[in-house]
Amino acid sequence: HEGNLSANMSLAFVGSLALPGTSTFTRPAVTPARPGSTVSPKKSTPSATAAKDVPTREPLPHLRVNEKGAIWVPQRPRPRRARVSEGMRSLVRENRVLPSNLIYPLFIHTKDYNEAIEAMPGCERHSLSSVLSEVAAARSLGVSSFILFPKIPEHLKSNAADECHNENGLIPRAIAEIKSRFPDVLVWTDVALDPYSDQGHDGMVSAD
């Protein structure tokens, strides 16, 4: 009896609370049952059941319901003052992506003609002369950084990637040509060894 009474009093207290700006929901008073007594559920009549076209839900503390009886959470409006015009947006914009922020990847090989890369539609391996033309075109658009990815002939590959130390190799010659014509651009290179490795790895592979 004491446990049922305490639980009913707690429910009545929680149900009487409300958040600021919300309507107060008060649970109906509950009379504790006497020891040994039982409460029989109310029987609904056919007419009352037929009248309930939309299922109803008992209100919950601190929550509102919409016209369909579902829980509705008020949304805080987003401020739009910083987006009212292009002038205001340009004033408060935090990030600006410009051509000077981009790095143009260029795939090069030792052949004197360009070759399509089947695994990368729209991309191709450039000859050295074509690389210079690409740099010139991109530079006119504001791109000033380029990264080179070489395709080394198979007969020059080794497990120790010896070709990467060749001062007259493909990458050193390409860098020298680009910097001689466009000294203000930045040229990046890939330090991985897989283009020079006959094992296809970024490092040397031991026999054991």
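My aim in this report is to walk through the structure given alongside it, one point at a time. (Residues numbered from 1 in each chain as written. Predicted model: local features only at pLDDT ≥ 70, side-chain atom pairs only at ≥ 80, totals over all residues. Heavy atoms only, no water.)

**Examining the overall build of the protein chain**
No. 1: Of the regular secondary structure elements, the protein chain holds five helices and seven strands.
No. 2: Counting helices and strands in the order they occur from the N terminus, the protein chain gives α-α-β-β-α-β-β-β-α-β-α-β.
No. 3: For the protein chain, the proportion of its 208 residues judged to be buried stands at 18%.
No. 4: Partitioning the intrachain contacts of the protein chain with sequence separation of at least 6 by distance along the chain shows that 56% fall at a separation of at least 24. (Helix = DSSP H or I, 4+ residues; strand = E, 2+ residues; numbered from the N terminus. Buried < 20%, exposed > 50% of the residue type's maximum accessible area, 1.4 Å probe, protein only. Contact = heavy atoms within 4.5 Å.)

**Description of the pattern of salt bridges**
No. 1: If you walk through the whole model with that rule in mind, you get six salt bridges.
No. 2: Between Lys111 and Glu115 there is a salt bridge; the shortest N-O distance is 3.0 Å.
No. 3: By relative accessible area, which is 23% here, Glu115 ends up partly exposed.
No. 4: Glu115 is the partner of Arg125 in a salt bridge, and the nearest nitrogen-oxygen pair spans 3.8 Å. Within this pair, whereas Arg125 is found in strand 5 (residues 124–126), its partner Glu115 is found in strand 4 (residues 115–116), the two being separated by 10 residues in sequence. (Salt bridge = Lys/Arg side-chain N within 4 Å of Asp/Glu carboxyl O.)

**Quick notes on the pairing of strand 3 (residues 103–109)**
Side-chain direction in a regular strand flips from residue to residue, so the side chains alternate between the two faces of the sheet.
No. 1: Direction of pairing for strand 3 relative to strand 6 (residues 145–151): parallel, over a ladder of seven bridges. What sits directly across from Ile103, in strand 6, is Ser145.
No. 2: In terms of strand pairing, strand 3 meets strand 5 through two bridges, oriented parallel. Bridging from a neighbouring strand, Ile108 pairs with His126 of strand 5. (Pairing = 2+ DSSP bridges.)

**A few points about the sheet that holds strand 6**
No. 1: The five strands lie next to each other as 4-5-3-6-7, forming an open sheet whose pairing is mixed. Bordering the open sheet on either side are strand 4 and strand 7 (186–189), each of which pairs with just one other strand.
No. 2: Pairing analysis gives two bridges linking strand 4 to strand 5, with the strands arranged antiparallel. Within strand 5, the residue paired with Glu115 across the bridge is Arg125.

**Description of the packing of helix 4 (residues 128–140) against helix 5 (residues 170–181)**
No. 1: Viewed as axis vectors pointing N to C, helix 4 and helix 5 meet at an angle of 40°, and their least axial separation amounts to 10 Å. In terms of axis orientation, helix 4 runs oblique to helix 5. Pair helix 4 / helix 5 crosses with right-handed handedness. Residues Leu128, Val131, Leu132 and Val135 of helix 4 form the contact with helix 5, whose participating residues are Arg173, Ala174, Glu177, Ile178 and Arg181.
No. 2: Looking at side-chain class alone, the contact of helix 4 with helix 5 contains six nonpolar, no polar and three charged residues. (Axes fitted to C-alpha atoms, helices over the stretch in contact; angles between N-to-C directions. Parallel < 35°, antiparallel > 145°, perpendicular 65-115°, else oblique. Left-handed = near helix turned anticlockwise from the far one by under 90°. Nonpolar A, V, L, I, M, F, W, Y, C, P; charged D, E, K, R; others polar.)

**Side note on the side chain of His109**
No. 1: Within the secondary structure, His109 sits in strand 3.
No. 2: A distance of 2.6 Å separates a polar side-chain atom of His109 from the backbone oxygen of Tyr113.
No. 3: Leave out the neighbours within four places in its chain, and His109 touches Asn114, Glu115, Arg125, His126, Ser127, Lys151 and Leu170. (Polar contact = N/O pair within 3.5 Å; in protein donor to acceptor, adjacent residues only side chain to side chain.)

**As for the pairing of strand 6**
No. 1: In terms of burial, strand 6 is a largely internal element, five of the seven residues being buried.
No. 2: In this sheet, strand 7 lies alongside strand 6 in parallel orientation, the contact comprising four bridges. Residue Ile147 lies in a different strand from strand 7, and its bridge partner there is Trp188.
No. 3: Where the polypeptide runs from strand 6 across helix 5 and back to strand 7, its parallel neighbour, the crossover connection is right-handed. (Right-handed = clockwise from strand over helix to strand, strands pointing away.)

**A look at the environment of Asn66**
No. 1: Among the secondary structure elements, Asn66 is positioned in the loop between strand 1 (64–65) and strand 2 (71–72).
No. 2: Overall, Asn66 belongs to the partly exposed group, its relative accessible area being 27%.
No. 3: A polar side-chain atom of Asn66 sits 3.0 Å from the main-chain amide nitrogen of Lys68.

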